[in-house]
Amino acid sequence: MSLPNESDGPNERIVVAMSGGVDSSVAAAMLVEQGADAIGVTMRLSESESRCCSLEDADDARRVSESLGIKFYVANYADAFSSEVIDAFADDYLAGRTPIPCIACNKSFKFDHLLERARVFGASRVATGHYARLKHDPDTGQARLFRGVDREKDQSYFLFSLSQEQLRAASFPVGDLSKHQVRERARALGMGTADKPDSQEICFVPDGDYAKVVERIRPHAARLRGDIVDESGKVLGEHRGVHRFTVGQRHGLGISADRRLYVLRLDPREQKVVVGDVDSLDCGEARVERVNWIAGAPPSEAIRVRVQVRHRHQAALARIVPGPNDTAAIAFEEPVRAVAPGQAAVFYDAADDNEVIGGGWLLEGIP
Amino acid sequence: MRIYLDHNATTPVRPSVAEAMSDVLRAEFGNPSSVYEEGALARARVEAARSELARLLAVEPRSIRWTGGATEANNTLLFGLLSPGDHIVTTEIEHPSVAAPLALLESRGVEVTRIAPDETGCVAAETVLGAVRSDTRLVSVIWANNETGSLQPVADIVDGCRARGVMTHSDATQAVGKAVIDLASVPLDFLSTSAHKLGGPKGVGALIVRGDPKLPAYLHGGGQEYGLRGGTENVAGIVGFGEACVLAREELADRLVRYGALRDRLWAGLQKRIDGLRWNGDRDRQLLNTLNVEFEGLAGEVLVQALDLEGIAVSAGAACHSGSIEPSKILLAMGRTPEQARASIRLSVGWGVDEDQVDRVAEVLGTLVPRVRAAEAP
C-alpha cells in the first residue's frame, strides 16, 4: 500500500466522498478547479432509503460529477455500516448512552474503507465536504486539525478521532469557506444541489425517531418499561425504555410536576430514568475513554484546553489529566451542563478555541 | 483506447448495421403500412429483415414478431399466455425480464415451479420435465444465461415437452449470434431475442411465435405484427437487426472459434498471474465468449471500478439503479455464498476484441487483484 501523499499539487488523484449535498459537491468542484484528478464516490451505507444515501442523493452526486467531468462510482458498504455503526448505535442507547454515529462513520468508513478504495484507485487521499481545516506542520511533519472558518457550521467535533495517518490522507476543501460562500459557489457553478437543505445529523434516522431505529435493530427494546424517579428515588412516572432518553432532556418525560424536570442520569440495568432540577445537571468534572490525541501521543502533563461536550456547545475551559489506557479526567473551570455519556468531549486549544488537540468518549459527568 | 469486455451487457453497433440504419433514417421515411411507393419500400425493408432473422434461426419469416426488445418479447408472451390457475415450469437462472413478470403473475394466481441449476449453472432436462404436470401451460428455460453463459438443455426439454403436449419458450437473447440455434431441429413454440446483443441497435427485438397459439395483442392499435403489437414499426431498428443477423450467419462459425480462443487465452493469463480463482460455470457447456470468475476474498465492485479507471469495461453482478451492486441471484442459485458472489466478475468478449487486449486485461488484473485483496483484508 502506498504511503499517503501530502501533496496538494495539480494532477493529484483524489477521491471525493460525495453525499449528493452541496458541501461535498462544492468540495469536488474546488478540487477540479485546482487541477486535481478527482473521482467522485457516493458511499451507500444503507439498503433502505435514508437521508444520506438515497438513490436520489446518489443521482445528485452523479449529476454533479458529470457536470464536473469526473468519474463517479457508488461504493456499497451497507452490510459493514449496519453491523459496525447502526448496531452499535442501538446498543449505545440501550446502555443509557447518547451515541454520535457520525464520528465512527468518519473514522471507519470515510477515512478507512473509502480510503482503502481510494488507494486501490491509485489515489492517496479522500476529500469530504466537512467544515474543518487541516494544516501540515513542516517542522514535525504532522497534520493539525482546526475548526472550519464558519463557526456555525464547524464540524471538527466529528473528526476528533482521526489518526495522524488518516488526517494526512484527508482533505477538507470547504473548511475555509462559509456555508453562504459554499452555496454561492454552487449557484455560480449551476449545481442543482446549491439550495438543497442541510442534511440531518444522523443519516439513518431520517425522521428523528431514533427510538424506532433502536427498536427495529433490537426488538426487545420495544418491550422495555421502567420508572421515572427523582433524585431521592421517589417514583414520578413510567417510561418505555431508557433508550428513549438523553441526559439533559426536558421534553417528553410524560410526567406532570410543579417545576421543570430534566433527565439527570440513565440506569439501563434498573431501567431507571433519574430526573431533577436544572442545577443538578451541572458537572464540575467528567471522565473520558478511548482518547485520541491529534498529535499522536498524550501530553506529558495536564493541559489547559477548551472542552466541547456536544456538537452544539460553547467549549468550556478545563484541565485535562491524561490517564492510563487512553483515558483522561476533565476538570471544568466553570460547571458544564448536561454531560451525556456516549457523546464526545473534544479538546480545543485554550487560547483561540480553534485547533483540535484531541478528544474522548464521555463515560460520565461528575457533579 | 478503452477495452470493452462486457459484450453480454451490450455490443458495439457494427459499422454495416449503422450504415443500413442510416440509409433508412436519411432517405427512407415511409410508413410500412402505406400503400404507395414510400410505404412499399419501408415494408420491403422490414420484411427483408424478417427473412434474415428467420434464416439465422431457421424458422418461417411469418413466425417473427418484432418487439421493442427481448424484455418486451418476454412480457408479451408471459402476460399473454398465462392466466390465474395456470402452471409454468421455469428455472432459477432466468433473466429478470422473465423472472419479474413471473413473480407478478405468481402473485395473481399463476403457479410457478422454478428449477434450480447445478453448481455449474445448468439445469437438468430430466428435472425440468419431471416438474411438468397435466395442467402445465408452458415451460420456459433460458437458452444461455447472461451472467455465466451457461447453456441449458433446451433441445431435450423441448422434445420431452412435445411428447407431453406442453408448449415451450426460451429466452435466447444472450445466445443468438454466439451459439448455434437451429430451430428447424428444435421445435420450440416461442423464442425471445434482441438486436443489441449481436451488433444491432438497442430498442428492437423479436418474439418467435410458431404454430397457432392464441396470443392476445400486447399493444392495441393498428394491428401491426400479425395483430400482436400495434404501432408503426421501428423500421431503422428492424433493418439494423436484419443486418446484424446477416453478419451473425456469415460469421458464426468463425466467432465460435475466435471468441473461445480469446476467452481461453484470458483465463490462462489470469491463472498464470493470480491465485484463488474460480471459473463460475462449465467451460464445455456455456457460451464461448463468457468468463465469469470469482477472485477469492475481494469485492468485485471495487475491481470493476478500478478496471474502469484503467480503461477496461467489465461487469459485476447486476447493476442496480444507483450503481451499487447486489450479489448475483444467479450465482446464489448455483450455491455460491453471498461473499463468493460478490467476489465474481463477468468478462465477455466479442467483436473488436483482440489478443493484445485480453493480454492487457490479464496483466492489469494481475496487478489490481493483489492490491484490492490487500485493501479488503480485515
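Being a predicted model, the structure only gives us computed values, none of them experimental. Throughout, residues of each chain are indexed from 1 in the direction in which the sequence is written. To label them, take the chains in the order written and letter them from A, then take the ligands in the order written and number them from 1. For this predicted model, a pLDDT threshold of at least 70 governs which residues receive local features, and a threshold of 80 or more governs which side-chain atom pairs are given and counted, while totals over whole chains, interfaces and linings are taken from all residues.

A.B. asks: Please provide a residue-by-residue account of the overall build of chain B, values included.
C.D. replies: Scanning chain B from terminus to terminus reveals 11 helices and 14 strands. C-alpha atoms of chain B, sized along the principal axes, occupy 65 × 55 × 35 Å. Exposed residues have 12 or fewer other C-beta atoms within 10 Å of their own C-beta, buried residues have 20 or more, and partly exposed residues fall in between, where C-beta atoms are placed from the backbone. Relative to its full complement of 378 residues, chain B shows a buried share of 52%. Here a helix means four or more residues in a row that DSSP labels H or I, a strand means two or more in a row labelled E, and each is numbered from the N terminus.

A.B. asks: Would you mind going over the pairing of strand 6 (residues 142-147) of chain A in detail, with residue names and values included?
C.D. replies: All names here are of chain A. Whether two strands pair comes down to DSSP finding at least two bridges between them. Pairing of strand 5 (residues 132-137) with strand 6 involves six bridges; the strand directions are antiparallel. Residue pairing in the sheet places Asp-137 in a bridge with Gln-142 of strand 6. In the sheet, strand 6 pairs with strand 17 (residues 355-366) via two bridges, with the strands oriented antiparallel. The partner of Leu-145 across the bridge, within strand 17, is Val-356.

A.B. asks: Tell me about the sheet that holds strand 8 (residues 205-209) of chain B, and please be specific about residues and values.
C.D. replies: Residues and elements named next belong to chain B. Read from one edge to the other, the open sheet built from seven strands follows the order 2-8-7-6-5-3-4, with strand pairing classed as mixed. The two strands at the open ends of the sheet, each matched to only one other strand, are strand 2 (64-67) and strand 4 (111-115). Geometrically, the sheet is characterised by an average inter-axis angle of 20° between neighbouring strands, direction not taken into account. As paired elements, strand 3 (residues 87-91) and strand 4 share five bridges and run parallel to each other. Residue pairing for strand 4: Thr-91 is matched across the bridge by Ile-115. Packed onto the sheet, helix 4 (residues 96-107) meets strand 3, strand 4, strand 5 (136-140) and strand 6 (167-171) and runs at close to 150° relative to strand 3. Here an axis means a line fitted to C-alpha atoms, over the contact stretch when the element is a helix, while the angle between two N-to-C directions is reported on a 0 to 180 degree scale. Contact criterion: two residues are in contact if their C-beta atoms, reconstructed from the backbone, are within 7 Å.

A.B. asks: Mind laying out the domain arrangement of chain A, listing which residues take part and the relevant values?
C.D. replies: Residue and element names in this part refer to chain A. Domain ranges listed in this record stem from an automatic or a database domain assignment. Domain parsing of chain A yields domain 1 (13-188), domain 2 (224-276) and domain 3 (281-366). In this structure, domain 1 and domain 3 have C-alpha centres spaced 25 Å apart. Facing the 17 residues of domain 1 at the interface are 17 residues of domain 3. Residue contributions to the side of domain 1 that touches domain 3 peak at five residues, all from strand 6. Classes in brief: Ala, Val, Leu, Ile, Met, Phe, Trp, Tyr, Cys and Pro nonpolar; Asp, Glu, Lys and Arg charged; the others, Gly included, polar. Partitioned by chemical class, the residues of the side of domain 1 that touches domain 3 number seven nonpolar, six polar and four charged.

A.B. asks: Now, about the domain arrangement of chain B: what can you tell me, with residues and values included?
C.D. replies: All names here are of chain B. When the domains of chain B are assigned, the result is domain 1 (3-10 + 252-366) and domain 2 (15-247). Measuring from the centre of the C-alpha atoms in domain 1 to the corresponding centre in domain 2 gives 26 Å. The interface is formed by 20 residues belonging to domain 1 together with 25 residues belonging to domain 2. Mapped onto the side of domain 1 that touches domain 2, the elements with two or more residues apiece are helix 7 (235-273), strand 10 (290-295) and helix 9 (329-333). Broken down by class, the residue content of the side of domain 1 that touches domain 2 amounts to six nonpolar, 10 polar and four charged.

A.B. asks: Could you give me a rundown of the confidence of the model for chain B, with the residues and numbers involved?
C.D. replies: Here chain B shows a mean pLDDT of 95. Residues at 70 or above account for 97%. Interface confidence for the predicted complex, given as ipTM, is 0.86, next to a pTM of 0.90. pLDDT runs from 0 to 100 and stands for how confident the predictor is about each residue.

A.B. asks: I'd like a description of unusual backbone geometry, backed by residues and values.
C.D. replies: A negative phi holds for most residues other than glycine; trans holds for most peptide bonds. Residues and elements named next belong to chain A. Non-glycine residue Arg-290 carries a positive phi angle of around 45°. The residue Arg-290 is located in strand 12 (residues 282-293) in this model. On the basis of neighbour count, Arg-290 is assigned to the partly exposed category, with 14 C-beta atoms found within 10 Å. At Asn-325, a residue that is not glycine, the phi angle is positive and equals roughly 50°. Mapped onto the elements, Asn-325 comes out in the loop between strand 14 (316-322) and strand 15 (328-337). Accessibility expressed as a C-beta count within 10 Å gives 7 for Asn-325, which makes it exposed.

A.B. asks: Please give an account of the nonpolar core that cites residues and values.
C.D. replies: By size, the foremost hydrophobic cluster in this structure holds 225 residues, and its most contacted members are Val-15, Val-16, Val-41, Leu-114 and Val-126 of chain A together with Leu-303 of chain B. No other element matches helix 7 of chain B, which puts 13 residues into this core. The residues contacting Val-126 of chain A, other than those within four sequence positions of it, are Val-15, Ala-17, Lys-110, Phe-111, Leu-114, Leu-115, Ala-118, Ala-169 and Ala-170 of chain A. Note on definitions: a nonpolar core is a set of buried residues drawn from Ala, Val, Leu, Ile, Met, Phe, Trp, Tyr and Cys, linked by C-beta atoms within 7 Å.

A.B. asks: An account of the confidence of the model for chain A is needed here, citing residue identities and associated values.
C.D. replies: Here chain A averages 92 in pLDDT, while 95% of its residues score no lower than 70. Every residue in residues 1-7 of chain A is under pLDDT 50, and counting partners more than four places away or in other chains gives 15 contacts.

A.B. asks: Tell me about the sheet that holds strand 4 (residues 125-127) of chain A, and please be specific about residues and values.
C.D. replies: Residue and element names in this part refer to chain A. Taken in spatial order, the five strands line up as 3-2-1-4-7 in an open sheet, and their pairing is parallel. If you trace the sheet from one side to the other, it starts and ends with strand 3 (71-76) and strand 7 (170-171), each paired once. Note that strand 1 (residues 13-17) and strand 4 share three bridges and pair parallel. Along strand 4, the bridge assignment pairs Val-15 with Val-126.

A.B. asks: Just give me the short version of the packing of helix 8 (residues 300-309) of chain B against helix 11 (residues 355-376) of chain B, but keep the residues and values in it.
C.D. replies: Residue and element names in this part refer to chain B. It is the contact of helix 8 with helix 11, at a shortest axis distance of 10 Å, that shows an interaxial angle of 135°. The angle between the axes of helix 8 and helix 11 places the two elements in the oblique class. Judged by the twist between their axes, the crossing of helix 8 over helix 11 is right-handed. Within the contact between the two elements, helix 8 uses Val-302, Leu-303, Ala-306 and Leu-307 and helix 11 uses Val-364, Leu-368 and Val-372. Of the residues belonging to the contact of helix 8 with helix 11, the class tally is seven nonpolar, no polar and no charged. Here the word oblique covers every angle except those under 35 degrees (roughly parallel), over 145 (roughly antiparallel) and from 65 to 115 (roughly perpendicular). The crossing is said to be left-handed when, going from far helix to near helix, the turn is anticlockwise and less than a right angle, and right-handed when the turn is clockwise.

A.B. asks: I'd like a rundown of the packing of helix 4 (residues 101-120) of chain A against helix 11 of chain B, residues and numbers included.
C.D. replies: As a packed pair, helix 4 of chain A and helix 11 of chain B sit with axes 9 Å apart at the nearest point and diverge in direction by 165°. When the interaxial angle is binned, helix 4 of chain A and helix 11 of chain B end up roughly antiparallel. Regarding helix 4 of chain A and helix 11 of chain B, the two cross each other, and that crossing is right-handed. Residues Glu-116, Arg-117, Arg-119 and Val-120 of chain A of helix 4 of chain A lie in contact with helix 11 of chain B, whose contacting residues are Arg-371, Val-372 and Ala-375 of chain B. Residue composition of the contact of helix 4 of chain A with helix 11 of chain B, grouped by class: three nonpolar, no polar and four charged.

A.B. asks: Give me helix 4 of chain A: which residues, what numbers.
C.D. replies: Between the first and last residue of a helix there are one fewer steps than residues, each counted as 1.5 Å, and that sum is the expected span. Taking 1.5 Å per residue, 20 residues should reach 28 Å; helix 4 of chain A reaches 26 Å between its end C-alpha atoms and fits that length. Once helix 4 of chain A finishes, Gly-122 of chain A follows within two positions and takes phi at roughly 85°, a positive value.

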